[in-house]
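# Survey of secondary and tertiary structure
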Amino acid sequence: MRRRRERLLRTLQINRSAAERPLPRVTISTGGWLPCWSLRALIGLVGLGCLAIFAVNPVIWVIGLAGLVVVLAQPASIAPASYALGLAIVMLVTTPDPFAVRGFLLLLGIHLLIILCSLIADLPLMARVELAALARPARRFVVIQLSCQGLALAAAWLAGADQTLPWIGVVAVAGLVVLVWTLALRLRMADAD
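Structural notes, computed from the coordinates. Note that the structure is predicted; figures quoted are calculated from it, not measured. All residue numbers refer to position in the chain's written sequence, counted from 1. Under the rules for a predicted model, residues below a pLDDT of 70 receive no local features and side-chain atom pairs below 80 are neither given nor counted, while totals for whole chains, interfaces and linings still include all residues. In computing side-chain values, all of the structure's heavy atoms are included and hydrogens and water are not.

Right, let's get into the overall build of the chain. When helices and strands are counted, the chain shows seven helices and two strands. Scanning the chain from its N terminus toward the C terminus, one meets helices and strands in the order α-β-α-α-α-α-β-α-α. Counting contacts in the chain only where the partners sit at least 6 residues apart, residues at least 24 apart contribute 69% of the total. Total accessible area on the chain is roughly 13700 Å²; 69% of this is exposed by carbon and sulfur atoms. The numbering of helices and of strands both runs from the N terminus, where a helix is a DSSP run of H or I of at least 4 residues and a strand a run of E of at least 2. Residue contacts follow a heavy-atom distance rule, with two residues in contact if any of their heavy atoms lie within 4.5 Å. Computed by Shrake-Rupley with a 1.4 Å probe, the accessible areas treat only the displayed protein chains as cover when residues are assessed.

The next point concerns a nonpolar patch on the surface. Each patch groups residues whose relative accessible area exceeds 30% and which form no salt bridge, using 9 Å between like charges and 5 Å between nonpolar side chains of Val, Leu, Ile, Met, Phe, Trp and Tyr. Salt bridges, as used here, are contacts in which a Lys or Arg side-chain nitrogen is within 4 Å of a carboxyl oxygen on Asp or Glu. On the surface, a nonpolar cluster with roughly 420 Å² of combined accessible area is contributed by Leu42, Leu45, Leu48, Trp61 and Leu65. Counting only elements with at least two residues in the nonpolar patch, the list comes to α2 (36-54) and α3 (58-73). Here the nonpolar patch takes three residues from α2, the largest share from any one element. For tryptophan 61, the position within the fold is in helix α3. Burial status follows relative accessibility: with a 1.4 Å probe on protein chains alone, a residue under 20% of its type maximum counts as buried, one over 50% as exposed, and anything between as partly exposed. Taking relative accessible area as the criterion, tryptophan 61 reaches 31% and is therefore assigned partly exposed.

Before going further, it helps to spend a moment on the packing of aromatic side chains. Ring pairs shown here join Phe, Tyr and Trp side chains whose ring centres sit within 6.5 Å, with only the six-membered ring taken for Trp; geometry is labelled stacked below 30 degrees between planes, edge-to-face above 60, and tilted in between. All chains considered together, the criterion is met by zero aromatic pairs. Charges are assigned to positions over rings by a cutoff of 6 Å between ring centre and Lys NZ or Arg CZ, combined with an angular limit of 35 degrees from the ring normal. Over the ring of tryptophan 33 we find arginine 128; its NZ or CZ atom is 4.1 Å from the centre of that ring.

A fitted line through C-alpha atoms represents every axis, and for helices the fit uses only the stretch in contact; the resulting angles, taken between N-to-C directions, go from 0 to 180 degrees. As a packed pair, α3 and helix α4 (residues 79-94) sit with axes 8 Å apart at the nearest point and diverge in direction by 160°. Here α3 is positioned roughly antiparallel relative to α4, judged by the angle of their axes. The handedness of the crossing between α3 and α4 comes out as left-handed. In this structure, α3 contributes Ile60, Gly64, Gly67, Leu68, Val70 and Val71 to the contact, and α4 contributes Ala79, Pro80, Tyr83, Val90 and Thr94. Throughout, the term roughly parallel applies to angles under 35 degrees, roughly antiparallel to angles over 145, roughly perpendicular to angles from 65 to 115, and oblique to all others. The handedness criterion is simple: a crossing whose near helix is rotated anticlockwise from the far helix by less than a right angle is left-handed, and one whose near helix is rotated clockwise is right-handed.

Nothing here speaks to function; it is all geometry.
Put into structure tokens, the structure is as follows:
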């Protein structure tokens, strides 16, 4: 009888403490992934690229690099928005032509910086970010960039800015008309449901 009891206790592992019990084997299958530190490095590269577009003197470089360090340290704070605002102010102060190619690149870079910061906001450096989790924000990024860049091109065309390709404004306006028409159809379909 005593042997039966010991065998039952050993099988159920009741007489062992919780620390001595083996943990169950758990496997989770995931797709491809990136380490979170690589996304932070990408934020640093994008931030440096945005800064390099408009930094004309050492003071702007020092202030911009200090702001970028704060963005990398605290991506979940107001630092990315403050950095973007600072870059926009530098662009307004240092650029006589807001419709230059540098303005369009800054629009792309700031948006990418804000999106990446929101994705890794509270993740530790060694976390794994699944590639499938990046697909939906990437689609939104592309749609927003197409509409924003199109709107900026249309504004440049309507303002009479000097462009090397004058037909690009017409294409941008046509693209915006198609975008508004598509959104109106989607809203009407959503109201019908």
